[in-house]
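Overview (structure and organization)
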Amino acid sequence: MTDARSSKGAPKDEVAELARRRGYLGQAFEIYGAAAGFYDYGPLGAGLKRRVENQWRDFYMREGFYEIETTSVVPRSVFEASGHLESFTDPTVACTRCKNFFRVAEDLDVGKRCPDCGGVLEAAGEINLMFQTRIGVPKAGSEENTKSEAYLRPETAQGIFLNFQRLLRFNRDKLPFGIIQIGKAYRNEISPRQSLIRLREFTLAEVEVFVAPREKNSHPEFEAVADRKLRLVPASSNTNYELGIENYEEKSVGEAVRSGIIANEYLGYHIAKVDEFLEGLGITRAKLRFRQHRRDEMAHYATDCWDAEFLSDRYGWMEIVGVADRGDYDLNAHASSSNTDMSVRTEQGKIIPHVIEPSYGIDRIFYALLESAYYKEQVGKENRQVLKLKIELAPIRAAVFPLLNKAELKEKAREVFQNLRDASIFVEYDGSGSIGRRYRRQDEIGTPYCITIDYETLEDDAVTIRERDTMKQVRVPIAEVEKILA
RNA sequence: GCGUCGAUGGUCUAGAGGCAUGACUUAGGCCUUCCAAGCCUAAAGCCCGGGUUCAAAUCCCGGUCGACGCACCA
C-alpha cells in the first residue's frame, strides 16, 4: 500500500487532519462530490482568516495606505488592456493518436510529433485560465456579445489601476501613495492541488504603491528597515526551483540594495515589510526565503519580482507573497486602451508612476501559519497537540470551565463566561468530560487561556488561569481576568 | 490535462463476493478538587452512477475527489 494510504497516516498530514476535524477547513460542495480547487473555511478557520486579514489591514494602514474595494466581475476590455486575456489564453495541441493535450511550445505545435507516443499533433483550441461570464443578457449574434463579455478577476490589482485618477485626486495629486485591497480572485487552474496551495477561488491581499520613477531609489523610511536580515536567492544563482533551505545568501536589505541584488530602495523596503509582517504573524522565520524570479518565469507585467517562499513540511517550497516591480506597465496599458490620461504632474513635468506591488496569498499564508503553529509533545502517557497561535490570532481567546460537573460551580462558571462575552472577549464554555480533556481540546484549536472555576472561587472570587504553551497555572481575582486576557 | 495509486462512521482503520471490525471522537449519566483516567448507555460508515451475480463495500466499466509524477501555475 502506497501513496494516499501511507501518506494519510504520516506525521506531516496531522496539520491538515486537525484543520478538517476541528472546524478550520473543509472541501467545498462535499455533499455533491466536491470540485477540485475550492475550500470552505469553517467556524474556526473563518475566525483565524479574518484575524490575519485584519492584522494585514492594520499593518499597511500604519504605512498610511488606504483600503479600497473593487469588483470581482470585470469587463473583457480591461483584460484586453492589461494583457491578461492574451497571456492567460494558451493555444493547445492534441495528439491524434493518444489524445494527450499539450500547451503549444517550440517542439509542441501543429504537425510536430507527440512526445508520449509519436503521433501527429493537431490544433485543439485554446485554454483560458480566467472564468468567463456575461454582463446582462447578450443578443444572439450581435455586437453586444463581445460587449457583454466579462471575466472574474484573476488578481485584485486591476481594480486599483482602474481607479488611479480618482485615487490620485484623493491624494491631492501627490506621489508617492499606496492603496490596499483584500478580495477574492479566481483562476481556473488546469490542475488545482494541495489543499489551500492552488485554489481556483482564493483571497488576495494586494498593495499597490505608486511612485515617481526617479524616486524609486530614495524611500524616506528606508533606514528603518535597512538592517533587517533576509535570506535571498537572486535570479543569478536561481537555476533550480527546488533549491535546498541552505541555498541562500543572508544579507541585510541595505546591503542587498547597495550591491544591486535588489534593484531599488522601494522594492527593498517592501520586501522587508513583507518579512516583518510574516514574522509578526508567527510564520516560522527559519523556513522563509525570498527568491527572485528568473526572466523566463516573470509575469508579463513585471520588470522584477521577488517571492516570499515558505518551506512546508508537507508540500516543499511554496510562494506565499510576491513582490513585483510592475514598472509603468499597467498605467500605460490602461492609458492608451481607454484613452485616459494617467500621468501625474510633477516639478519634472508629466510622468507615469511606477508600481511596486506586494501581493499576499492569504490562503497560503493561512496554511503556512497552521504549519508554523502546530506542534506535538508527550505529556505523561498522552500526546498533546497544540496550535501555538499568537493570542491576537486565536479564534477563541479563552475557555471557561467549571472544575467539576456540579451545579454551584457550573453556575459560577456561566456567570464568568457571560461577563467576558459581554466585555466583547470571545470565550467558550465547556463543562463536559474531565478537566484534562477540556484543556487538550482547547490546546488543539489554539485557545491561549483556560479559566477554571473551583470551590475556592465561591469563597474568594479568584479563578485559575491556565496558559496553553507552558501549561502553567496562576490564581487571579475574577476582577483582573479581563485585563489579563485583553 | 495525461499517467500511477487510492477512497469504509466526524477521525484513524479491519474486512477482498454472503450479519461491516475495532479504536478514538461525540452525546447523556455515574464517579472525579486541575492536564485526553475509569464505569454505564447511546449516536454515527462502505464516494457517485451503471454493469456482472441468487447475492457487490468487495469483481467490471464510467465519473468525482485525493496523493504522487509529467505538464501548468501569467
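Our subject is the structure that appears above.
Residues numbered from 1 in each chain as written. Chains lettered and ligands numbered in written order. Predicted model: local features only at pLDDT ≥ 70, side-chain atom pairs only at ≥ 80, totals over all residues. Heavy atoms only, no water.

**Description of empty space enclosed by the protein**
- This structure, assessed with the given rule, holds one cavity of 30 Å³ or more.
- Computed from the structure, the largest cavity encloses a volume of approximately 30 Å³.
- Lining the largest cavity are Val15, Leu18, Ala19, Tyr24, Leu370, Tyr374 and Leu387.
- The element contributing the most residues to the lining of the largest cavity is helix 2 (residues 14-21), with three residues.
- Residue composition of the lining of the largest cavity, by class: seven nonpolar, no polar and no charged. (1 Å grid on protein atoms, 1.4 Å probe; cavity = no way out; pocket = protein on both sides within 12 Å on 5 of 7 lines; lining within 4 Å. Points joined across faces, edges and corners; volume = space filled by probe spheres on them. Helix = DSSP H or I, 4+ residues; strand = E, 2+ residues; numbered from the N terminus. Nonpolar A, V, L, I, M, F, W, Y, C, P; charged D, E, K, R; others polar.)

**Some thoughts on the packing of aromatic side chains**
- Following the criterion strictly, the structure yields 19 aromatic pairs and no others.
- A ring pair is formed by Phe161 and Phe210, whose centres lie 6.3 Å apart and whose planes are at 80°; its orientation type is edge-to-face. Here the residue Phe161 occupies a position in helix 7 (residues 157-162), and Phe210 occupies one in strand 11 (residues 201-211), the gap between them amounting to 49 residues.
- Owing to a relative accessible area of 0%, Phe161 belongs among the buried residues under this scheme.
- Residue Phe210 is classed as buried on the basis of its relative accessible area, which comes to 0%.
- Judged by centre distance (6.0 Å) and plane angle (15°), the ring pair of Phe164 and Phe177 falls under stacked. Taken together, the residues span a long stretch of sequence, with Phe164 in helix 8 (residues 164-170) and Phe177 in strand 10 (residues 177-186) at a distance of 13 residues. For the residue pair Phe164 and Phe177, the accessibility class agrees, reading buried in each case.
- Taken together through their ring pairs, the aromatic side chains of Trp56, Phe59, Tyr60, Phe65, Phe277 and Tyr360 make up a single cluster.
- One residue, Arg289, lies across the ring of Trp317, its end atom 3.7 Å from the ring centre.
- A cation over a ring is seen here: Arg438 above Phe401, with NZ or CZ 5.3 Å from the ring centre. (Phe/Tyr/Trp six-rings, centres within 6.5 Å; stacked < 30°, edge-to-face > 60°. Buried < 20%, exposed > 50% of the residue type's maximum accessible area, 1.4 Å probe, protein only. Lys NZ or Arg CZ within 6 Å of the ring centre and 35° of its normal.)

**Observations regarding the protein's contact with RNA strand B**
- In the neighbourhood of RNA strand B, 55 residues make up the surrounding shell, with Phe88, Arg187, Arg198, Ala299 and Tyr439 lying closest.
- A share of 56% of the atoms of RNA strand B within 4 Å of the protein falls on sugar and phosphate groups.
- In this structure, a base oxygen belonging to RNA strand B sits 2.3 Å away from a side-chain N or O atom of Arg198.
- When contributions to the surface near RNA strand B are tallied by element, the ones reaching two or more residues are helix 1 (3-9), helix 2, helix 5 (84-88), strand 6 (101-103), strand 21 (382-387), helix 15 (435-445) and strand 25 (462-467).
- Ranked by residue count, the leading element in the surface near RNA strand B is helix 15, at seven residues.
- Of the residues assigned to the surface near RNA strand B, the class counts are 17 nonpolar, 19 polar and 19 charged. (Near = heavy atom within 4 Å. Polar contact = N/O pair within 3.5 Å; in protein donor to acceptor, adjacent residues only side chain to side chain.)

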